[in-house]
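Summary of structural features
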Amino acid sequence: GWTPCIGPILGSILALASIEETLLKAVILLSLYSLGLAIPFIFSGYLIQKFMLVSKNLKQKMILINRIGGSLLLITGILIITNHLQVVGYYLLEILPFLQNFG
C-alpha cells in the first residue's frame, strides 16, 4: 500500500472500530479493510505472468497511453482549480444514471 492513501483511510477505520459496540464488530471491520488491501496484491502476484505478456504489447502504445493519461490529469486539475469538477459529475450522473448506485 501507499502511505498517503493508507493513513487517512486506516485512521478512519480505526476510529470507527474504536466506537463499535462489540469487539467482534471492530475485528470484522478491520479484517475487511485488511482483506480489501490484500486482494489486489494477491491477484497481481497470481497474474504477473499474464501481465508481462500484455505489457510487451503495450510498450508500443505507451506514448499514446501516457499522453491520454496526462491529458486526463491535466483536465481534471483544471476542473478542480476552476471549481467545475462537480458540474462534470452532475452531467455524468444525468447521462449515466446508474452511477448513482455507487458509493
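Figured I'd write up the structure that's included with this text. Note on numbering: residues in each chain are counted from 1, in written sequence order. Since the coordinates come from a predicted model, pLDDT governs what is reported: local features require at least 70, and pairs of side-chain atoms require 80 or more to be given and counted, while whole-chain, interface and lining totals use all residues. Side-chain measures were taken over the full set of non-hydrogen atoms in the model, leaving aside hydrogen atoms and water.

**Quick word on the overall build of the chain**
Assigned secondary structure in the chain consists of five helices and zero strands. Both definitions apply: the radius of gyration is a C-alpha atom measure, and the globule rule equals 2.2 Å times residues to the power 0.38. Over its C-alpha trace the chain gives a radius of gyration of 19 Å, far above what one expects of a compact globule, namely 13 Å for 103 residues. Residue burial is assigned from relative accessible area. The probe radius is 1.4 Å, only protein chains are included, and a residue is buried under 20% of its type maximum, exposed over 50%, and partly exposed in between. Here the chain, with 103 residues, has 6% of them falling under the buried criterion. What sets the accessible areas is the Shrake-Rupley method with a 1.4 Å probe; for residues, cover comes only from the shown protein chains. When the accessible surface of the chain is split by element, carbon and sulfur atoms take 73% of a total near 9,100 Å². Secondary structure elements are defined from DSSP: runs of H or I of at least 4 residues count as helices, runs of E of at least 2 residues count as strands, and each element is numbered from the N terminus.

**Things to note about unusual backbone geometry**
Positive phi outside glycine occurs at Asn83, with the angle close to 60°. With respect to the element layout, Asn83 can be found in the loop between helix 4 (62-81) and helix 5 (85-95). Take Asn83: its relative accessible area is 63%, and that puts it in the exposed class.

**Structural notes on the pattern of salt bridges**
Note on definitions: salt bridges are taken to be side-chain nitrogens of Lys or Arg within 4 Å of carboxyl oxygens of Asp or Glu. The full count for this structure, using the stated rule, is one salt bridge. When the shortest N-O distance is used, the salt bridge between Glu21 and Lys25 registers 3.6 Å. Residue class for Lys25 comes out partly exposed when judged on its relative accessible area of 40%.

**Structural notes on a nonpolar patch on the surface**
Within this analysis, patches are made of residues with over 30% relative accessible area and no salt bridge. Like charges are joined at 9 Å or less; nonpolar side chains (Val, Leu, Ile, Met, Phe, Trp, Tyr) at 5 Å or less. A contiguous nonpolar surface patch, about 850 Å² in accessible area, is contributed by Ile80, Leu85, Val88, Tyr91, Leu92, Ile95, Leu96, Phe98 and Phe102. Broken down by element, the nonpolar patch gets its largest block of residues, five residues, from helix 5. Counting through the fold element by element, Phe102 comes out in the segment after helix 5. With relative accessibility at 59%, the residue Phe102 sits in the exposed group.

So, to be careful, I would describe these as geometric facts and stop short of saying anything about function.
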